[in-house]
Amino acid sequence: MIATTERKKTKHSDPRINRINVSDAPVHNWYRFVLSYPPHIVREYLERFNCDSSSTVLDPFCGTGTTVVECKKLGIPSIGIEANPLAHFAASTKLDWDVNSDLLLTAARELAVRAGERLSAQGIEDEFYQPYNESVRLRSLDPDREKLILKNSISPLPLHKSLELLDEINRYRKKSIWNHLRLAFAKALISSIGNLKFGPEVGVGKLKEDAPVISPWFTEVQHMADDLVEVHEKVTVPSVIYLADARYIPDSIKPASVDCVITSPPYPNEKDYSRTTRLESVLLGFISSRDDLRLIKRNLMRSNTRGVYKEDDDDIWIATHSGIQEIAEEIEHRRIELGKTSGFERMYARVAKLYFGGMAKHFEQLKPILKPGAKLAYVVGDQASYLRVMIRTGELLSEVAEKLGYEVLGIDLFRTRLSTTTGEQLREEVVLLKWPEKIKK
């Protein structure tokens, strides 16, 4: 069990604590955010909160589904909420175990053959690099979609081959296996086909003039088929994920129905979480225009300056919280002191207030759906990215929640990580809360 610890400086942390165990790989590894927490942390708190098949677990910042997938493996009903359409698609597909594994593999083999023949007819071989007939006009994204992805995130020839493969995959649009075929493509795209690197920021690594496309995709489908055989007996465990903003809990979640919350919201930093999934979002059609991207960002927690809008007013929720107001003032003072004058830099202080205000709004929205005595675990991290002003996220969130009527059970140390900005060890923690058994009048 992870022990509750007092806040203190830690020299180091075992990096293996955030790695996924080999035994946990089935289903979880179909597709994961690089920033995802590992399944064993979910099990830790399910056990600690005494969750079983009679419980309902909520993950309001569902991401690619670590909490809900682990719950389903353990036979525990779960609900997820996720605002990023690609992440919602990935997590929902990872919960769909009512698929015949033999049918999936048979279709994938036939599809792979057709895609290979399609490329061969163009003078392109996919399994190994060889000069292709340059008279072939390579397919590309239209200019509007091209502008949405990171420059050079995929090279021209692998992109052409990917679009050809997608055409074959989309022949199965009306079949139950279509989403699994597409999710396997998304995983192969970011793991071996494209040029992206994650560390944990998403960026562009060494450009690959060519890369196999069909074989890495088929390998991912094979992994899925193997996993489906293993988990098929749990297919009836109730689980659902809503495409929604966690600051506005869907009305379809019943009042007083949630026993436990295990989640990891965004941290208040300069990470644009929509960039992490941009390449696969564009190729799979979840984002086709700037308007699509803007709509997604509007539904995300305000945690970076690229996702802030003039009409945002979540900060009113923490207007009287002196600690958060002082941090915002320190950030602004530091900006002026350093002579930072860009539009983004001028918004740093506002983002800090919008983030904690958004989380306060989220905590308030949760109240009606929590059972008396419900327990909550929020995995969050300290940040020093706003002009090197330290933001103790866990501590501040526990104060925000307490002011809204939650009981603070403690803050567990999950791990520490090195800040590339300050050289300090930053804490990642689990804020533990409880919704009271009886509401004070």
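Structural data are supplied above this passage.
The residue numbering used here restarts from 1 in each chain and proceeds along that chain's sequence as written. Residue-level local features of this predicted model are given only where pLDDT is at least 70; pairs of side-chain atoms are given and counted only at 80 or more, and the full residue set underlies all totals for whole chains, interfaces and linings. The basis for every side-chain value is the complete set of heavy atoms in the structure, and neither hydrogens nor water enter the calculation.

**Student:** Hey, could you go over the nonpolar core for me, with residue numbers and the actual values?
**Tutor:** Take the buried residues of types Ala, Val, Leu, Ile, Met, Phe, Trp, Tyr and Cys, join any two whose side-chain atoms come within 4.5 Å, and each joined set is a nonpolar core. Three exposure classes are used, based on accessible area relative to the maximum for each residue type with a 1.4 Å probe and protein chains only: buried under 20%, partly exposed in between, and exposed over 50%. Core analysis: the largest hydrophobic core is formed by 67 residues, its most contacted members being Leu104, Ile169, Leu181, Phe185, Trp217 and Leu283. For this core, the secondary structure elements donating two or more residues are α3 (66–73), α4 (85–94), α5 (101–120), α7 (156–169), α8 (178–193), α9 (214–231), α10 (278–283) and α11 (290–298). The helix and strand labels rest on DSSP assignments: H or I over at least four residues marks a helix, E over at least two residues marks a strand, and numbering proceeds from the N terminus. Ranked by the residues each element gives to this core, the list is headed by α8, at ten residues. Only heavy atoms enter the contact rule, under which two residues are in contact if any of them lie within 4.5 Å. The contact partners of leucine 104, leaving out residues within four places of it in the chain, are Val99, Ile177, His180, Leu181, Val221, Met224, Ala225 and Leu228. The next biggest cluster of nonpolar side chains, apart from the first, holds 65 residues, and it includes Ile79, Ile81, Val308 and Leu354.

**Student:** I'd love a proper account of the environment of leucine 279, names of residues and values included.
**Tutor:** You can see leucine 279 is positioned in helix α10. With 130 residues separating them in the primary sequence, leucine 279 and isoleucine 149 have C-alpha atoms 5.6 Å apart. Leave out the neighbours within four places in its chain, and leucine 279 touches Ile149, Ser153, Ile154, Leu189 and Leu196.

**Student:** Residue-level account of the pairing of strand β7 (residues 370–381), with values.
**Tutor:** Counting buried positions over the twelve residues of β7 gives nine, a clear majority of the element. A pair of strands counts as paired when DSSP detects no fewer than two bridges linking them. By the bridge criterion, five bridges tie strand β6 (residues 258–263) to β7 in an arrangement that is parallel. Following the sheet pairing, cysteine 260 is matched in β7 by lysine 375. For β7 and strand β9 (residues 425–434), the ladder comprises seven bridges, and the chain directions are antiparallel. Each residue of the ladder has a partner; that of alanine 377, found in β9, is leucine 432.

**Student:** An account of helix α12 (residues 322–338) is needed here, citing residue identities and associated values.
**Tutor:** An expected span of 1.5 Å times one less than the residue number is assigned to each helix. The terminal C-alpha atoms of α12 lie 24 Å apart, and with 17 residues this matches the ideal 24 Å at 1.5 Å per residue to within 8%. Within α12, the full set of buried residues consists of Ile324, Gln325, Ile327, Ala328, Ile331 and Arg335. Buried residues in α12, looked at end-on, bunch into an arc of 160°, giving them a common side. In α12, the exposed positions that point more than 90 degrees away from the buried face belong to Glu326, Glu329, His333, Ile336 and Glu337. Picture the helix axis, draw a direction to every C-beta atom, and the arc is the one those directions span.

**Student:** With reference to specific residues and values, describe the packing of aromatic side chains.
**Tutor:** The criterion for an aromatic pair is that two Phe, Tyr or Trp rings (for Trp, the six-membered ring) have centres within 6.5 Å, with stacked assigned to planes under 30 degrees apart, edge-to-face to planes over 60 apart and tilted to the rest. Summed over the entire model, instances satisfying the criterion amount to seven aromatic pairs. Ring centres 4.9 Å apart and planes at 80° place the aromatic pair tyrosine 355 and phenylalanine 356 in the edge-to-face group. An identical accessibility class is assigned to tyrosine 355 and phenylalanine 356; each is buried. Three or more aromatic residues joined by ring pairs make a cluster, and in this case those are Phe363, Tyr378, Tyr406 and Trp435. Above the face of the tryptophan 97 ring, lysine 72 is positioned so that its terminal group lies 4.8 Å from the ring centre. Just above the ring of tryptophan 178 sits the side chain of arginine 182; from NZ or CZ to the centre is 3.8 Å. For a Lys NZ or an Arg CZ to count as sitting over a ring, it must be within 6 Å of the ring centre and within 35 degrees of the ring normal.

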